[in-house]
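A closer look at the structure
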Amino acid sequence: MKRLLFAVFFLSFSFFFYSCSIEYDAANNYLDRHISPKQGTGIEEKIYVVLPTHVIHTNDAINKIEGFQNLPESEQDRLIKEKTKFLDKLNDSILIAQFNEHFLYNLGRFGIPIIITTPENIPQPDEGKIFTINVAQMEAEEYTVVERLDSYFQFIKNPNYPSDNRNTIQKYYKQDVNLDAFSLNVWFSYNEKDTSMKKVYYKSFEVRDGLEGDIILNEENNDKAEAIYKISKLNLNDIYYTPFMAGKMSATLFIEKWINDYVNLSENGAFNYFFYDPKINKIDGYVRKSDLNKKYLFQELD
């Protein structure tokens, strides 16, 4: 019986290792064919890209004010000024320029020619030879998030008795802390002229106040506890990092999509998801699809 179980395990492991190797080779070959095409074998694909031209501003604190739209304009202006921390200080041109620069640079690392176009001039996708990416909407959003500091402490009821479960109690202490947060949200319309393949993707890139701290018991009275913490406040430099992060990560996710779609098609289904690193322009590891954290990917919208 043990030999049978070992044989089954060995065969399963061998099949998994073999499938990983085959899929990894397919991913690498597809990538190499684009970044280092052999002489006389030109790249047939093209990427048509529509870049963003404006940024929507959303302030969650304003959205929560009931009847805001019905207030006099002067009162609206006062509330916007009072409750806005970042949006009124942002230069949208910098956000757009930073995103565009890093999106196009990292997308271009893949080797497929990029053509900048407008929504009206997006061509019809042509049997996988033309990809179209329309950065359809970009939103700058500020809001508040809540992070919790918490801890369990164990106490002995009576020190004259053993510290077993009957002589110990646990107490739970918590402290919720409000933090400022900013997010650059981006919507992409992919292959939008092809009704059978059109996809809408969404990705959010967040920065927030930093929180360091813990729950500390009162030295004189163990029945009391307090939260000792420090907040590193969000600033404009942190916020101007988000378009860099958004451009680089969005381009990386599109390249990973093409690589993984190719592997899935060429191998008639694939077990693994392959990661691409634009810095080294190579495959940078893989994970079984069943273990992939979906939060890493684009969110596909209906």
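Numbers given to residues run from 1 along each chain, matching the order in which its sequence is written. Restriction of local features to residues with pLDDT of at least 70 applies here, the model being predicted, together with a cutoff of 80 or more for giving and counting side-chain atom pairs; totals for whole chains, interfaces and linings are based on all residues. The side-chain numbers reported here are obtained from all heavy atoms of the structure, hydrogens and water having been left aside.

Our focus in this paragraph is the overall build of the protein. The secondary structure listing takes helices from DSSP runs of H or I that are at least 4 residues long and strands from runs of E that are at least 2 residues long, numbered from the N terminus. Helix and strand counts for the protein stand at six helices and 11 strands. The proportion of buried residues among the 302 residues of the protein is 37%. Note on contacts: a residue pair qualifies if any of its non-hydrogen atoms lie within 4.5 Å across the two residues. Look at the contacts in the protein between residues 6 or more apart in sequence, and 71% of them connect residues 24 or more apart. Surface exposure here means Shrake-Rupley accessible area, sampled with a 1.4 Å probe, where a residue is shielded only by the protein chains that are shown. On the protein, roughly 18,800 Å² of surface is accessible, and the fraction owed to carbon and sulfur atoms is 50%. To sort residues, take the accessible area from a 1.4 Å probe on protein chains only and compare it with the maximum for the residue type: under 20% means buried, over 50% means exposed, and anything in between is partly exposed.

The next point concerns the packing of helix 4 (residues 92–108) against helix 6 (residues 242–266). Axis lines are fitted through C-alpha atoms, for helices just across the contact stretch, and the angle between N-to-C directions can take any value from 0 to 180 degrees. Between helix 4 and helix 6, the least distance of the axes is 7 Å, while the angle of their chain directions is 30 degrees. What the angle tells us is that helix 4 and helix 6 run roughly parallel. Crossing of helix 4 against helix 6: the hand is right-handed. Along the contact surface, helix 4 presents Leu-95, Gln-98, Phe-99, His-102, Phe-103, Asn-106 and Leu-107, while helix 6 presents Pro-243, Phe-244, Ala-246, Gly-247, Lys-248, Ser-250, Ala-251, Phe-254, Ile-255 and Trp-258. Any residue that is not Ala, Val, Leu, Ile, Met, Phe, Trp, Tyr, Cys, Pro, Asp, Glu, Lys or Arg is counted as polar, Gly included; the first ten are nonpolar and the last four charged. When grouped by side-chain class, the residues that make up the contact of helix 4 with helix 6 number 11 nonpolar, five polar and one charged. Between 65 and 115 degrees an angle is taken as roughly perpendicular, under 35 as roughly parallel, over 145 as roughly antiparallel, and anywhere else as oblique. Should the near helix be turned anticlockwise from the far one by less than a right angle, the crossing is termed left-handed; should it be turned clockwise, right-handed.

Our focus in this paragraph is unusual backbone geometry. Positive phi is not limited to glycine here, since Asn-281 has a value of about 55 degrees. Within the element layout of this structure, Asn-281 appears in the loop between strand 9 (272–277) and strand 10 (282–288).

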